[in-house]
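Chains, contacts and geometry: an overview
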Amino acid sequence: MARRFVLQPREPSPADPGLTLDYAADLDSQQHAAATAGDGVTLVVAGAGTGKTRTLVYRVAYLVETGVPPEQIVLLTFTRRAASEMLTRAAGLLDGRCERVRGGTFHAYCLELLRRHSERIGYPQRFGVLDAADAADVVDLARTRLGLDRLPKRFPKKRTLLAMFSAATNRGLELDEVLAEEYPQYAEHLDLIERLRGAYAETKRRTGVMDFDDLLALALELLRENPDVRRQVAGRIRHVLVDEYQDVNLLQADLVEQFQSVHGNAMMVGDDAQSIYRFRGADVGHILEVQKRYNGARVLKLEHNYRSTQPILDLANRVLDEAVEKYDKRLFTDREGGDLPALVAAPDDDMEARFVAQVVLDKREAGTDLNRMAVLFRSGWCSYALEAELNRRKIPFVKFGGLKLTEAAHVKDVVAHLRVAENPADAVAWNRALRLVEGVGPTTAGRLLDWIGAAATGGGPAAAVQMLRQSVDEVVPSASVAASVGRLVEALTPLRDDDMPPEEQVERLLGYYRPVFERVYADDFPKREADLDAVVALAARHRSRTALLESLALDPLDWTQEPAEGARKDEPPLVLSTIHSAKGLEFDTVFLIHALDGVLPSAYALASSDEEDEERRLLYVALTRAETELYASYPLVQYRRGTGQYLTEPSRFLSGLPESLLEPWSLVEEATPPASGDALPEADRPALPRSSGGA
DNA sequence: TGCCGCCTCTTTTTT
DNA sequence: AGAGGCGGCA
């Protein structure tokens, strides 16, 4: 029987002369209590703008100062941006001593673990990582493999299938429970869906790839089924800190439990009012039940808001008040005064864009840096009109969320070729590369894949390329197609050299791919060209092909967009972001655009009051990003193909609020360009100058 | 078999 | 707007 010997905690005295930071002076009393909390499990319930990040950063510094080796601290977050921001801030506090703190997203951290112990779960060391689009392709491969050429009518599409699989995995449910709960219309196909799920899993394993959910699920399996690995991994985690804990799903909550299982030190920070990831299996229940899961966990609160003015908080509090599910949350601030938030009705989205651009320029003129302002929206497409307007006015901006560059077809093409070099068993990558060969369609590609698969399992991955070269003639319809496939193989062969620097691999690959690229994207390849150079640049920043591919799979942070032409050099750009991607950030001025019913709340999220509440929290998150100025705006008309122009309604969460909370503005177009010194039509109603760029 | 053009549909949010 | 499905043609 193993025995547990309990060591008394070694409490550093508050006056410990070894501490270089003055924690008591830099933090308020609640923040101080959290940052300097003793060992064990601590839940910090922190409202919006209460200095959560600051507190975590000081916590890290405190641990390091009190003798915890930085590399034994693990700081987990949900986005790479949050991770890097926090690690950078911590590093800045104790000049470099915090640099070796481990951390990143759950997915990235799990990937690292799996890479190190892949043999324990039956994966090759060089397994690949699938994004959502790749995963959809694997579903197709799995389907073909099951011999299911024809699916029943009214059968879920692959995107829906993946969502079902994901819900089951992330929430620890059986497929039939997910179907009954969320997809009753497909319940009759349970058997077939189940078979597809099995084939999907089998295909991933056979071809050595994992999807995002696998990163979490397999890491958990690795730790649970290999006590020695768990002891080794958790033994090196003296403290685990988790930000945005309200957004963990079951797998992530379980992983945290594993990570702290040796030392028993965990700090979870979160705000149940800001839970916005239910759609991917997050469950506020986990933050609410921390005390149940960890007997004796202490609970601390941060309630003092330092970010926003009172009028902004009043509005945010009001929005939350009307949730069906009540929150015991009222933020208070010392920042008295400040302007009322505005609800701006714009005639159409072009005028809305001009309004935002104009206020942004005015504020920049008045001394607010562009990157202290942000434009937030519900979905990626909401900012299209604004992006055009910002380009016209040469205002530099970066956009977070929405479509990613790594999802662009031509970037995925390049990545697919690299993945084949990395892991010749990777059938999805092969498939993509083969389909780009002129004359190769689904059928030919399928036959070639069978050859490759046989070679990869039989003679090992290295044999695959060799085998393919010999077999091409037998499988391919014509000699010219065989020659084309041969050229692909010739292009890939030198890339298998692992010592070749990644940028050289990409450069060489582009020698093969460029002609293909110009043929496949004949109508618009010049516009796409810059992205290929960006891949080369990204490759130059990575040590190995493996590292490059990981970075590409998990959304590279340092994938820089070039600044708009004519932009001031080095001026930090205006931030455009989905609300989801803006979580945890703060800005002097926030514009919430397209605050429309059907957009926020999304028309797809109105089936239940739970879903509507999540949309409401999303609005709450958006509003509480603002420090001093807040503008919510919406266009009065929208266009939709088919329907044409139609009238809109402002967000149900914002319409009907008293003018003492949210001041209605309307936009009026000035008839003539203003002479200098002219008064505005009304003091607080900015007029729009005539559009300079045309609509 | 593969390619092309025409059709419709559907449109969150992220790792 | 863009993707995916389908039918007809080379």
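Throughout, residues of each chain are indexed from 1 in the direction in which the sequence is written. Here every chain gets a letter starting at A, and every ligand a number starting at 1, in the order they are written. For a predicted model such as this one, the threshold for reporting local features is a pLDDT of at least 70, and the threshold for listing and counting side-chain atom pairs is 80 or more; totals across whole chains, interfaces and linings nevertheless cover every residue. The side-chain quantities take in all heavy atoms of the structure and omit both hydrogens and water.

1. Notes on the overall build of chain A
Looking only at helices and strands, chain A features 26 helices and 21 strands. Summary of the burial criterion: residues with accessible area below 20% of their type's maximum are buried, those above 50% are exposed, and those between are partly exposed, where the area comes from a 1.4 Å probe applied to protein chains only. Relative to its full complement of 695 residues, chain A shows a buried share of 54%. Residue contacts are counted whenever heavy atoms from the two residues lie within 4.5 Å of one another. Pairs at least 24 residues apart make up 77% of the contacts formed inside chain A by residues separated by at least 6 positions. Here, Shrake-Rupley sampling with a 1.4 Å probe gives the accessible areas, and only protein chains in the shown set may cover a residue. For chain A, the exposed surface amounts to about 31,600 Å²; the carbon and sulfur share of it is 49%. Helix and strand assignments come from DSSP, with helices taken as H or I runs of at least 4 residues and strands as E runs of at least 2, each series counted from the N terminus.

2. Considerations on the nonpolar core
Residues F355, V375, L574, L592 and L654 are the most contacted members of the largest nonpolar core, which totals 69 residues. The leading source of residues in this core is helix α16 (residues 349-365), at seven residues. In this document the domain limits rely on a domain assignment from an automatic tool or a database. Each of domain 1 (23-112 + 215-304) and domain 3 (313-402 + 563-666) contributes no fewer than three residues to this core. Those residues in contact with L592 that lie beyond four places of it in its chain are L376, F377, I579, L600, L619, A622, Y631, A632 and S633. Residues L111, Y123, F127 and V240 belong to the second largest nonpolar core, which totals 46 residues. The term nonpolar core refers to a set of buried residues drawn from Ala, Val, Leu, Ile, Met, Phe, Trp, Tyr and Cys, joined through side-chain atoms within 4.5 Å.

3. Focus on the sheet that holds strand β13 (residues 397-400)
The sheet built from seven strands is open, its strands ordered β13-β14-β12-β15-β16-β11-β19 with parallel pairing. Either end of the sheet is taken by a strand with one partner, and the two such strands are β13 and β19 (663-666). When the angles between neighbouring strand axes are averaged without regard to direction, this sheet yields 20°. Direction of pairing for β13 relative to strand β14 (residues 574-578): parallel, over a ladder of four bridges. Following the sheet pairing, K399 is matched in β14 by L576. What counts as an axis is a line fitted to C-alpha atoms, over the stretch in contact for a helix, and the angles between N-to-C directions run from 0 to 180 degrees. Against the sheet, helix α17 (residues 384-392) makes contact with β12 (373-377), β13 and β14, and its axis sits at roughly 160° relative to β13, the strand it touches most. Only strands that DSSP links by at least two bridges are regarded as paired with each other.

4. As for the environment of L538
Relative to the helices and strands, L538 is located in helix α24 (residues 525-540). Since its relative accessible area comes to 0%, L538 is described here as buried. The sequence separation of L538 and G453 amounts to 85 residues, and the corresponding C-alpha distance is 31 Å.

5. Some details on the packing of helix α10 (residues 212-225) against helix α12 (residues 250-259)
At their nearest, the axes of α10 and α12 sit 10 Å apart, and the two run at 35° to each other. As for how α10 packs across α12, the hand of that crossing is left-handed. Here D213, L216, A217, A219, L220, L223 and R224 of α10 come into contact with α12, specifically with L251, Q252, D254, L255, Q258 and F259. Here a crossing is taken to be left-handed if its near helix is turned anticlockwise relative to the far helix by less than a right angle, and right-handed if that turn runs clockwise.

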